[in-house]
Structure formats: structure tokens, C-alpha cells
Amino acid sequence: MTQIRQRAVVFADLRGSTALFENLGNAEATSVVTHTIGLMRQSIEACGGRVVKTLGDGLMAVFEYPSDALSAAVAMHDALGQLVEQGRQRGASPGLRSLRLQVAMSFGEVVDMAGDCFGDAVNVAARLLDHAGDNETLVTAEFHAELSPAERTRFRSLDGIKVRGRVEPVHVHVLDAPVRDTDGAATQFGDAAFSPPAPDGIRLTWLDNERVFDIEQLPIVLGRSTEAAFCITDARVSRSHARIDWHAGSYTLTDLSFNGSYVRFGTSGEVLPLRRNSCTLHGSGSIGLGSSPAELDAPVVRFEVLHFADTLPHLR
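Note that the structure is a prediction, hence the values are computed from the model and not measured.

1. A look at the environment of Arg-276
Next, step 1: You can see Arg-276 is positioned in the loop between strand E16 (271-274) and strand E17 (278-281).
Next, step 2: By relative accessible area, which is 8% here, Arg-276 ends up buried.
Next, step 3: Arg-276 sits 174 residues away from Gln-102 along the chain, and the two C-alpha atoms are 9.8 Å apart.
Next, step 4: Excluding residues that lie within four positions of it along the chain, Arg-276 makes contacts with Arg-15, Arg-100, Gln-102, Ala-132, Asp-134, Asp-255, Leu-256, Ser-257 and Phe-258.

Listed below in C-alpha cells is the structure:
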């Protein structure tokens, strides 16, 4: 029987399993991934959701109420965090400690047919997953509007993101939860003691393509897709490779790719590798997409955080 209902749609994807198979071998890695997906399923069902299907290293689920879907997303992040922490305490392989979770959720009309689900809300949630960083939960404005006032305060707006298959940008919110960083390098580097006045804009340059974005135009998706806000037409660049958004008075770069992003502050500073991780952008420097900016042929986007007041004449 085909039924059409308003449902919250959840897509969750486990990242880092490739490193797990490299470090543990097929049998043990398969066991770990299967166990982790099982924990995710338990979180979904404990919060009143239904797992529609598993998708490789992830799953799709539906809920009647977005509040329950949000509880499940938080529970899945917590379950994975506990698993990784237990592995760290027991000296487990770095592959296990690198496991991360992405979650994307939408709300809208869903066609339930023979146990599977279809519709625009399903498509949007599935494609929104491409824009989520590690240990991030992204939701659409429709999902966000259905939450309680207290739940809505846990999110910050990313404004419109261009999603594949959609003409108009999708208004997206990100769950403001502490990110569990297993190596801490990017967080420590990005959050170094640096507190200049709030910037007014950011300039991005790739070859002869130069654009200045202000905070009203965020988030900025950097990628090979023609729908990306800043398009880099290089085969080594993912369709949605990285995202720049505004958080706590600063520009934050989040890697969304499989090959990683690399940030170098200044012209000769240390290169900071980001693999599904984030760091704060300040001053000026370069972002290597898929390879280090130190490599001569790497696709490199140069950035400069702008303070317009610095360019104005000083009056005596």
C-alpha cells in the first residue's frame, strides 16, 4: 500500500572506514563497521524511528516527529563518540579512532511504498549529506521550524546552500554541538589565541577568478560543481570539496572531501591538513584542495580575511 505522510527523513553516514580496513583487515574491520551501524540502528529505534534501509556505511530512517529525529542524531553521535573513546583507552588502531559520523535531516511529504520512501524531502536529505562535515548534523529550515524553541537554539544558520538537483538554495542549519576531534591538531591550530576585530569579508582567488564574500553570502561551498559558490574546475577537486561559514565571529573552513584540504597561513607557514575537519581562517594564506599548497601543481585557492576599516584613511 502506498501512503503519503509528513515525515522527518534522516541520512547518516559513517566516515573513516577505508582507513579501518587498511589497518585492521577485512574481517575485523567489517565486524567493527557492522557493530557501529548496529549502534546507530539502536539509537534510531530507541527514539521511535524506523530504519528504512542501510546504505553501505550508513543508513536512512524516518520519524513522525523531527524532535525524535534530533534525539536520535544526538544519540548516534554519542554512541560513536563512546566507541571511539573506548578504543582510544584500549590502544585500538588509529583506524578505529578516525571514525566520524555525518547526519543530514529534512522534513516534508514522503511517499511510503513497499517499505521504501521517496519524495523531495528524501532527495534533499540525501544530497545535503554531501555538505556535512565530520561529526556534523545538518537540517533543513522546514525541519528546524518543527522543533521546539529550546531545540532550535541548539542550531546556527548556514543560510542557503546550493544542493544538487535544486534550482533554489536550501536554507540549512547546523547543530551546534562540541566536535569530538581525535587528533586535535586542526582544532588547536584553528583556535589559537587570535582575537582580532570581527572581519568584514573574505577574498578568494583561484587563477584569474577573484571574489569577495561578506557574511551575508555565507556559507561558501568550494568545489568542482558548477553549483558551488566558488567553482574550481580541476579534476582533483571534489564536487563539494570544502565549506566556509561564519561561527563565533570568525570564518571557519570545513573539509567535505575524500582527499582532504590543506591550509597554509601566510606564504611559508606550516601546512595544516584537514580531513573532514575544521579550522578558523585568519589573516591570509592558501587552501590546497586535494593536495598541499606546497606542491607546485596543486589546485590552490588563496584567501584573505578583510577588515575594511584597515583600508580607510585615518582622520586626525
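2. Brief notes about the sheet that holds strand E13 (residues 242-247)
Whenever strands of a sheet pair, they do so through backbone hydrogen bonds, lying parallel or antiparallel.
Next, step 1: Read across the open sheet, the five strands follow the order E12-E11-E13-E14-E17; overall the sheet is mixed. Edge positions in the sheet fall to strand E12 (230-231) and E17, since each of these pairs with one other strand and no more.
Next, step 2: Relative to E12, strand E11 (residues 220-223) is paired through two bridges, and the arrangement is parallel. Considered in E12, the bridge of Leu-222 is made with Phe-230.

3. Some details on the pairing of strand E19 (residues 300-306)
Next, step 1: With five of seven residues buried, E19 lies mostly within the body of the structure.
Next, step 2: Where strand E9 (residues 201-206) meets E19, five bridges bridge the pair, whose relative direction is antiparallel. Among the inter-strand pairings, Thr-205 is bridged to a residue of E19, identified as Arg-302.
Next, step 3: Relative to E19, strand E18 (residues 284-289) runs antiparallel, the two sharing five bridges. Across the sheet, Gly-288 pairs through a bridge with Val-300, a residue of E19.

Thresholds, definitions, all that
- Residues numbered from 1 in each chain as written.
- Predicted model: local features only at pLDDT ≥ 70, side-chain atom pairs only at ≥ 80, totals over all residues.
- Heavy atoms only, no water.
- Helix = DSSP H or I, 4+ residues; strand = E, 2+ residues; numbered from the N terminus.
- Buried < 20%, exposed > 50% of the residue type's maximum accessible area, 1.4 Å probe, protein only.
- Contact = heavy atoms within 4.5 Å.
- Pairing = 2+ DSSP bridges.

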